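Analysis of the macromolecular model
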Amino acid sequence: MGKKATRRTLQAKRPVAFLTTDMVILVRGDSFKTGIVLVRRGRPPFRGRWALPGGFVEEGEKSRAAARRELFEETGLRLPLSAFTYLACFSDPGRDPRGRVVTEVFIVQLARRKLRLQAGDDAREARVFDLARLPPLAFDHEKIVATAKKFLKN
């Protein structure tokens, strides 16, 4: 098989995946030791369920910049890029019913006094939950939160 045929074969079999970013926003203070910011989804899939703030990375955009943009769009929080610490990549097939989606997750830690949430974009509501008492989460976000808890212990 020649180089041209090999290139065509690779292009035909190239998997399609979408890149997203999700944020674990941890909040310290007030009536609970550690809280987490969640948004209630306004669109399918999982409309009405709670989820981590996040969304699709746009063409030509870096993941950290997408995380910053999505966080602002869904919660009204405007943070510097330096506030976002890389946590992990989640790529299990089937983690999103819309197709093959890989997400890069960032973690941010904030003081409660600095928090002013305002839901927007495709989030119907944004609020802080006690990290020890979470509602059922959309996608694989319970797995992501578990990874963040391990990160905090270390």
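Description of the structure in this document.

Calculation notes
- Residues numbered from 1 in each chain as written.
- Predicted model: local features only at pLDDT ≥ 70, side-chain atom pairs only at ≥ 80, totals over all residues.
- Heavy atoms only, no water.
- Helix = DSSP H or I, 4+ residues; strand = E, 2+ residues; numbered from the N terminus.
- Contact = heavy atoms within 4.5 Å.
- Salt bridge = Lys/Arg side-chain N within 4 Å of Asp/Glu carboxyl O.
- Buried < 20%, exposed > 50% of the residue type's maximum accessible area, 1.4 Å probe, protein only.
- 1 Å grid on protein atoms, 1.4 Å probe; cavity = no way out; pocket = protein on both sides within 12 Å on 5 of 7 lines; lining within 4 Å.
- Points joined across faces, edges and corners; volume = space filled by probe spheres on them.
- Nonpolar A, V, L, I, M, F, W, Y, C, P; charged D, E, K, R; others polar.
- Pairing = 2+ DSSP bridges.
- Phe/Tyr/Trp six-rings, centres within 6.5 Å; stacked < 30°, edge-to-face > 60°.
- Lys NZ or Arg CZ within 6 Å of the ring centre and 35° of its normal.

Re the environment of Ala-148
- Assignment of secondary structure puts Ala-148 in helix α3 (residues 141–153).
- Linking Ala-148 and Ala-88, residues 60 residues apart in sequence, is a C-alpha distance of 8.9 Å.
- Beyond its immediate chain neighbours, meaning those up to four positions away, Ala-148 contacts Val-24, Leu-87 and Ile-107.

As for the pattern of salt bridges
- Under the criterion given, the structure shown has 10 salt bridges.
- Arg-98 serves as the salt-bridge partner of Asp-96, at 2.7 Å between the closest nitrogen and oxygen.
- The exposure class assigned to Arg-98 is partly exposed, which follows from its relative accessible area of 43%.
- Salt bridges sharing partners connect three or more residues here, namely Glu-58, Glu-61, Arg-69, Glu-70 and Glu-73.

Side note on the layout of surface pockets
- The space that makes up the largest pocket amounts to roughly 290 Å³.
- Lining the largest pocket are 22 residues, with Arg-41, Gly-54, Gly-55, Arg-98 and Asp-122 sitting closest to its centre.
- Mapped by element, the contributors of at least two residues to the lining of the largest pocket are β1 (18–29), β2 (32–41), β4 (54–56) and α2 (63–75).
- Here the residues of the lining of the largest pocket sort into seven nonpolar, five polar and 10 charged.

Considerations on the side chain of Thr-20
- Along the polypeptide, Thr-20 turns up in strand β1.
- Not counting residues up to four positions away in its chain, the partners in contact with Thr-20 are Gly-55, Phe-56, Val-57, Arg-95, Val-101, Val-102, Thr-103 and Glu-104.

Things to note about the pairing of strand β6 (residues 101–111)
- Counting buried residues along β6, eight of its 11 residues qualify, which places the element largely inside the surrounding structure.
- One ladder, built from five bridges, connects strand β5 (residues 85–90) with β6; its direction is antiparallel. Pairing of Tyr-86 across the sheet is with Phe-106, part of β6.

Examining the packing of aromatic side chains
- Under the defined criterion, the tally for this structure stands at five aromatic pairs.
- Geometrically, the ring pair formed by Phe-18 and Phe-56 is edge-to-face, given 6.2 Å between the ring centres and 90° between the ring planes. Of this pair, Phe-18 sits in strand β1 while Phe-56 sits in strand β4, placing them 38 residues apart in sequence.
- Its relative accessible area of 44% is what places Phe-18 among the partly exposed residues.
- Plain terms: the ring middles of Phe-46 and Phe-139 are 4.8 Å apart, the flat faces sit at 65° to each other, and that makes the pair edge-to-face. Here Phe-139 lies in the loop between β7 (123–130) and α3 and Phe-46 lies in the loop between β2 and β3 (50–51), a separation of 93 residues in the sequence.
- Phe-46 gets classed as partly exposed once you look at its relative accessible area, which sits at 29%.
- One aromatic cluster is present, formed by Phe-84, Tyr-86 and Phe-106 through successive ring pairs.
- One cation-aromatic arrangement involves Arg-78 over Phe-72; the distance from NZ or CZ to the ring centre is 3.9 Å.

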